[in-house]
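# Understanding the architecture of this molecule
Each chain is listed here by its residues.
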Amino acid sequence: MNFDWNYLFSLALYPDFWRATALVAWLGVLTWVIGTVLGFLLALARQSALRPVRWFAKTYIWLFRSLPLLVLLIFVYNLPQFAPSLSPVLSVPFWAGLIALVISETAYLAEIHRAGLISVDQGQHEAAHALGVRPVGKYRHIILPQAIRVALPSLGNEFITIVKLTSLVSVISLAEILLVGQRLYTRNFMVIETLVAVSFYYVLVVSVFGLFLSRIEKRLDIARMTGAEISVPAAVATEAPATARRVSDEVVVALDRVRKDFGDKRALADVSLKVNKGEVVSIIGPSGSGKTTLIRTVNALQDIDAGRIALDGADWISAEGNYRLAPDFHGRVTRLGMVFQSFNLFPHMTVLQNVTFGPRYHGSGNTDALRVAAMGHLARVGMASHANKYPHQLSGGQKQRVAIARALAMDPEIMLFDEPTSALDPELVGEVLQVIESLARDGMTMIIVTHEMRFVSRVSDRVVMMENGHVVADMTAAELEASPVDSRIRRFMLQG
Ligand SMILES: Nc1ncnc2c1ncn2[C@@H]1O[C@H](COP(=O)(O)OP(=O)(O)OP(=O)(O)O)[C@@H](O)[C@H]1O
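Source: prediction; values computed, not measured.

### Remarks on the site of the ligand
Taken together, 13 residues surround the ligand, and among them Ser287, Gly288, Lys291, Thr293 and Glu419 come closest. Gly288 places a main-chain nitrogen or oxygen 2.8 Å from an oxygen atom of the ligand. One of the backbone N or O atoms of Thr292 is found 2.9 Å from an oxygen atom in the ligand. Summarising the interface, the protein chains cover 61% of the accessible area of the ligand, which totals 630 Å² for the free molecule.

Spelled out as structure tokens, the structure:
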């Protein structure tokens, strides 16, 4: 039996095939788009703090990944037998097919999104929290743009699966590509030629979409995003004049018997600490003594088990009874700027966008004013000429200076530094410490967790030493310098 090339080529112009191809493309794209959106919501539900929501998402995913699509298709198509009111929709093969495909695919797409969401570093959530960004804004501007980059190749792959699955919808008489082919070869018996044509049309749909997706992937590829150094006008590059440094009597942060346990480990043992306006307090101590836990409780990145924290004399965080944040917590959290050990810059934004993001999110000023202010903050940390670059183009020290500028852009009253130089190569430590020192000179209130003892002596008004979750010493920098050679502080300094 000869292969009939003429017949095959004639199928390239067969109108029913083109109509079926358009139908498959439309059904595939609709399923993919709706499933991608619903799948994202389901992935979020899977991570919800609310147990019933989590349980619903888990059960949905388990159930519809276990159920064969064919069973679901026939079930949905025949549902009007029990609910005749659904007949106008479900008796139409296209709509029945779409609904069954969406129900099934949402379960798979949710798991793909979950992988994307999990891949976003926890530090990104913490940076958003420190900037006072609420969950919807956080997911929209920070988490989703990063998660989608990771998920996109798998999401694209799922589209291919969906297109192939549309062939199953032929069982409920949808005139898609396979059914058009079947109708042809049952009449002319040219099975092979017809199936070659059928394959061609499926491959066409998948290829066109694949091309489209690979373009989007390229556009979203952070590694391809680069910005050049810019020359900075002299007016922007001038430093803010240093104001006279003065520590006032006003207490701005007060921790009162704060306790935190991690299982059996008591990380903070009823710690009390007061910080005055304009004061620079350094927290030192051996590894594991509770320094990081302590500083993270101040802006609620870490919850507490007992005690309370006041900000500007007003209730802020309390664990007397249940753990509670002040009702105006989100409005006031931006009074605290935070700089993290691992920078936590937003990788999909330029340096300038990182710095303008917080104020822009909070709607403080028009675009031009925000840009000018951000350039001022960047100039302050010596990074204005890098404004158009992306974080991956910067050294660790440069990233940390941008992170400081990002925190300053919120005009905070108190800066929290959590080991800001620990992740840096030794030669980059100095440039970051210089910036922090200049903030101290300008009278910024700061709580600094650090192991840099010479820096501590130079900038601190007070030095707090922790051991095993307790504050074991609270002294001025002069007292630190004058501490007896055999004291635990000296011993610690010698170890460091
Ligand atoms: N999320 C957590 N889960 C369990 N244990 C934790 C957690 N965070 C901190 N800990 C424990 O609490 C104690 C205090 O940790 P913390 O990170 O505050 O110490 P640190 O003084 O900042 O140490 P380092 O200088 O090494 O950063 C440690 O024993 C640590 O293992």
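### Looking at the pairing of strand β9 (residues 445-449)
With 5 of its 5 residues buried, β9 lies for the most part within the structure. The two faces of β9 match: Thr445, Ile447 and Val449 on one face and Met446 and Ile448 on the other face are all buried. Judged from the 4 bridges that link them, strand β3 (residues 280-284) and β9 form a sheet pairing that is parallel. If you follow Ile283 over to β9, its bridge partner there is Val449. With 5 bridges joining them, strand β8 (residues 414-418) and β9 adopt parallel strand pairing. In the strand pairing of β9, Asp418 is matched with Val449. Viewed along the sheet, the connection from β8 through helix α17 (residues 426-441) into β9 turns out right-handed.

### Focus on the environment of Ile447
Looking at the element boundaries, Ile447 is found in strand β9. Between the C-alpha atoms of Ile447 and Arg224, which are 223 residues apart in sequence, the distance is 37 Å. Those residues in contact with Ile447 that lie beyond four places of it in its chain are Val275, Val281, Ile283, Ile295, Met415, Leu416 and Phe417.

### Observations concerning unusual backbone geometry
Phi at Phe189 is positive, roughly 60 degrees, even though this residue is not glycine. Structurally, the position occupied by Phe189 is in the loop between α9 (177-188) and α10 (191-220). Positive phi is not limited to glycine here, since Phe343 has a value of about 65 degrees. One can find Phe343 in the loop between β7 (336-339) and α14 (351-361). Residue classification places Phe343 among the buried residues on the basis of a relative accessible area of 12%.

### Observations concerning the packing of aromatic side chains
Applying the stated criterion to the full structure yields 16 aromatic pairs. Measuring from centroid to centroid gives 3.6 Å for Phe159 and Phe209, while their planes differ by 25 degrees, and the two rings are stacked. Of this pair, Phe159 sits in helix α8 (residues 135-165) while Phe209 sits in helix α10, placing them 50 residues apart in sequence. Taking relative accessible area as the criterion, Phe159 reaches 1% and is therefore assigned buried. Owing to a relative accessible area of 10%, Phe209 belongs among the buried residues under this scheme. Pairwise contacts between aromatic rings join Tyr14, Phe17, Trp18, Phe200 and Tyr201 into one cluster. A cation over an aromatic ring shows up here: Arg406 above the ring of Phe346, its NZ or CZ 4.6 Å from the ring centre.

Conventions adopted
- Each chain has its residues counted from 1, following the order in which its sequence is written.
- Residues qualify for local features only when their pLDDT is at least 70, as the model is predicted, and side-chain atom pairs are given and counted only at 80 or more; totals for whole chains, interfaces and linings, by contrast, use all residues.
- Only hydrogens and water are removed before side-chain values are computed, so all heavy atoms of the structure are retained for them.
- Consider each residue's heavy atoms; a residue with any of them within 4 Å of a molecule or strand counts as near.
- Here a polar contact is recorded for every N or O atom pair within 3.5 Å, except that within protein the pair must consist of a potential hydrogen donor and a potential acceptor, and residues adjacent in sequence are included only if both atoms are side-chain atoms.
- Only the protein chains shown count as covering a residue, and every accessible area follows the Shrake-Rupley method with a 1.4 Å probe.
- Three labels apply to residues, based on accessible area from a 1.4 Å probe with only protein chains included: buried if under 20% of the type maximum, exposed if over 50%, partly exposed otherwise in between.
- Secondary structure is summarised from DSSP: a helix means a run of H or I of at least four residues, a strand means a run of E of at least two, and numbering begins at the N terminus for each.
- Pairing between strands is defined by DSSP: at least two bridges between the two strands are required.
- Whether a crossover is right-handed depends on one test, that the path from the first strand over the helix to the second runs clockwise when the strands point away from the viewer.
- Only heavy atoms enter the contact rule, under which two residues are in contact if any of them lie within 4.5 Å.
- Any Phe, Tyr or Trp ring, taking Trp's six-membered ring, that has another such ring centre within 6.5 Å forms a pair; planes under 30 degrees apart are called stacked, those over 60 apart edge-to-face, and the others tilted.
- Any Lys NZ or Arg CZ found within 6 Å of a ring centre and within 35 degrees of that ring's normal is scored as a charge over the ring.

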